[in-house]
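Letter by letter, the chains look like this.
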Amino acid sequence: MKRAASHRCTALRGRILHALGDPAEEGTAAIEDIADGLLLIEDGRIAALGPADTLREALGEGVVCHDFSGRLILPGFIDAHVHYPQTRVVAAHGIDLLDWLARHTFPAEAAFADPEHARSSARFFLDELLRNGTTGAAVYCTIHPGSVDALCEEALARGMRIVTGKVMMDRNAPPDLRDDAESGYRESKALIARWHGRGRLAYAVTPRFAVTSSEAQLEAAGALLREHAGLYLQTHLAEQRSEIATVGRLFPWAESYTAVYDRFGLLGPRSLFGHCIHLGEAELRRLWETASVAALCPTSNSFLGSGLVDLEALRDRRRPVRTALATDIGGGTSYSMLQTMAELYKVTRLRGGNADPAGLFYMATLGNARALGLEGEIGNLTPGSIADVVVLDPRRRPALAHRLEAGAAEAVSELLLALAILGDERIVEATFVAGRPLYACPGSGVSVVQP
Ligand code: GUN
Ligand code: ZN
């Protein structure tokens, strides 16, 4: 059947690479690699994909075809933990997490009381995600409800897949950055009513971490999760030793950091726990039993000196904890999921482990989609998915192009590792959200749609 232009049909031609499954389970067959592929997009969704010479005849008159021959067509990246109010604290010096939060991050977040500042920051942040090929993310706002409104309005205009929520924080923070158990609950509830399920937005109940929430506030977070089906929860867990010691002092009854969240019903398959570096066996077992997700943030962990996350221990086959991959901007140092894959590779090597490049690519795409319960909508390019797509041109970085001339392009895992280590936003040629080109680098020939 020919596809007519009236169905708002676009075609992208190039080398198509995406994960159909987890390479740890399915080996090399998990990555589909179509050397000269065609991706057909109809009304914002993937309609078909396959070799260009077989699919070309399905194209009707007037279908817009972008020829990305020599370039790579991938699913848009997904970032499972990132702070949009922290774009101005990337690379700020601190002696540890709590010092970095107090001296840099809290003052930066206080500025979000101003809705105009929130609006311009949200625009910068979302555009930066797109420049990096990231089309979906789980995002922290600040305690101000207006910070959520700004991000959601901008994400809605771009059609992006954003999971987000107002930070809840009622102690151990500056007075102008505190809510209380009741106001945090009430404001979150109003934001859920306003944003959850609208367009491609979903709400995440967001108590910052156990250090900054009282028991009453954690109780309120649990109540919100019970009262509304389909919400996410996002928070931080076991990032630094000094943080863990503080949690021990604040919750003397708890046998572990994880047990604090567990007590208030915050563990579960839609719960995303940032970092998860220093966990005991009982905690890992509890995360596994509840199908909770550990969102790993390797560039942040290196920068803040938090530690080397133990990917292999998390995934121990006897109790495999679900994992996701994330930048954690502004603790993290790069918006690029390629650079984030590279950092997890290095951290795993430093631990003496073996990180499969195909597995890292899976994490940044389909793995993160599964972690968010969004397989089928995002994470790969199978027909029926929303057409969130990134086009990479390795030639835009001479060092990468030169490396690939050595033949790395033939073996997919070699190619993926070279892309991660030597690639970043400089090789992103274009980013499509639901089939619309929202970012294109100069010289790409793609006309960007203004949100
Ligand atoms: N723990 C609590 N809040 C934060 C934050 O903003 N960044 C990081 N890296 N860790 C946290
Ligand atoms: Zn974080």
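> Before we go on, may I ask you to explain the coordination of the zinc ion (ligand 2) in this structure?
Tetrahedral coordination by four donors places them ideally at 109.5 degrees to one another around the metal; octahedral coordination by six donors ideally gives 90 or 180 degrees. Looking at the zinc ion (ligand 2), the protein donor atoms are His81 (NE2), His83 (NE2), His236 (NE2) and Asp328 (OD), and they sit 2.0 to 2.3 Å from it. Seen from the zinc ion (ligand 2), its four donor atoms lie at angles of 91 to 164°, and the figure they make is irregular. Counting gaps between the donor residues of the zinc ion (ligand 2) yields the pattern H-x1-H-x152-H-x91-D. You can see His81 sitting in strand β5 (residues 77-83) and its partner His236 sitting in strand β10 (residues 232-237), a full 155 residues away along the chain. Each member of the pair, His81 as well as His236, carries the same accessibility label: buried.

> Quick question: what am I supposed to make of the packing of aromatic side chains here?
How two aromatic rings sit relative to each other is given by the distance of their centres and the angle of their planes. Scanning all chains against the criterion turns up seven aromatic pairs. A centroid spacing of 5.4 Å and a plane angle of 85° characterise the contact between Tyr84 and Phe112, whose relative ring orientation is edge-to-face. With Tyr84 in the loop between β5 and α3 (97-110) and Phe112 in the loop between α3 and α4 (115-131), this residue pair connects regions lying 28 residues apart in the sequence. Classification of Tyr84 as buried rests on a relative accessible area of 0%. Residue class for Phe112 comes out buried when judged on its relative accessible area of 2%. Judged by centre distance (5.9 Å) and plane angle (85°), the ring pair of Phe251 and Trp253 falls under edge-to-face.

> So what exactly am I meant to see when it comes to the side chain of Asn368 here?
Here Asn368 is to be found in helix α14 (residues 357-371). Look at Asn368 and you get buried, because its relative accessible area is 0%. Polar contacts involving the side chain of Asn368 include one to the main-chain carbonyl oxygen of Leu325, which spans 2.8 Å. Contact partners of Asn368, with chain neighbours within four places excluded, come to Ile78, Asp79, Ala80, Ala324, Leu325, Met337, Tyr362 and Met363.

> Would you take a moment to explain the layout of surface pockets for this structure?
Regions of empty space are outlined by a rolling probe, equal in size to a water molecule, passed over the atoms. The space that makes up the largest pocket amounts to roughly 710 Å³. Where the lining of the largest pocket is concerned, the elements lending two or more residues are α1 (23-26), α12 (311-314), β13 (322-325) and α14. Counting residues per element, the lining of the largest pocket draws most heavily on α14, at seven residues. Looking at the lining of the largest pocket residue by residue, the classes come out as 10 nonpolar, four polar and nine charged. There is about 240 Å³ of room inside the second largest pocket. Forming the boundary of the second largest pocket are 14 residues, of which Arg8, Thr10, Gly435, Arg436 and Pro437 lie nearest the centre. Among the secondary structure elements, those contributing two or more residues to the lining of the second largest pocket are β1 (9-19) and β16 (436-440). Looking at the lining of the second largest pocket residue by residue, the classes come out as seven nonpolar, four polar and three charged.

> Mind showing me how you'd approach unusual backbone geometry here?
Glycine aside, negative phi is the norm for most residues, and most peptide bonds take the trans geometry. Look at the link from Ile329 to Gly330: it is a cis peptide, with omega at 5°. Among the structural elements, Gly330 can be located in the loop between β13 and α13 (337-350). Look at Ala91: it is not a glycine, yet its phi comes out positive at around 75°. Phi at His275 is positive, roughly 90°, even though this residue is not glycine. With respect to the helices, strands and loops of the structure, His275 is situated in strand β11 (residues 271-275). Taking the relative accessible area as the measure of exposure, His275 reaches 0% and is therefore buried.

> How do you make sense of empty space enclosed by the protein when you look at a structure like this?
Under the criterion given, the structure shown has one cavity of 30 Å³ or more. Within this model, the largest cavity holds a volume of roughly 100 Å³. In terms of residue count, the dominant contributor to the lining of the largest cavity is α3 (three residues). A class-by-class count of the residues in the lining of the largest cavity yields four nonpolar, five polar and three charged.

So, how was this worked out
Residues numbered from 1 in each chain as written. Chains lettered and ligands numbered in written order. Predicted model: local features only at pLDDT ≥ 70, side-chain atom pairs only at ≥ 80, totals over all residues. Heavy atoms only, no water. Donors = N, O, S within 2.8 Å, 3.2 Å for Na, K, Ca; no water. Tetrahedral: all angles 85-135°; square planar, octahedral: opposite > 155°, others 65-115°. Helix = DSSP H or I, 4+ residues; strand = E, 2+ residues; numbered from the N terminus. Buried < 20%, exposed > 50% of the residue type's maximum accessible area, 1.4 Å probe, protein only. Phe/Tyr/Trp six-rings, centres within 6.5 Å; stacked < 30°, edge-to-face > 60°. Polar contact = N/O pair within 3.5 Å; in protein donor to acceptor, adjacent residues only side chain to side chain. Contact = heavy atoms within 4.5 Å. 1 Å grid on protein atoms, 1.4 Å probe; cavity = no way out; pocket = protein on both sides within 12 Å on 5 of 7 lines; lining within 4 Å. Points joined across faces, edges and corners; volume = space filled by probe spheres on them. Nonpolar A, V, L, I, M, F, W, Y, C, P; charged D, E, K, R; others polar.

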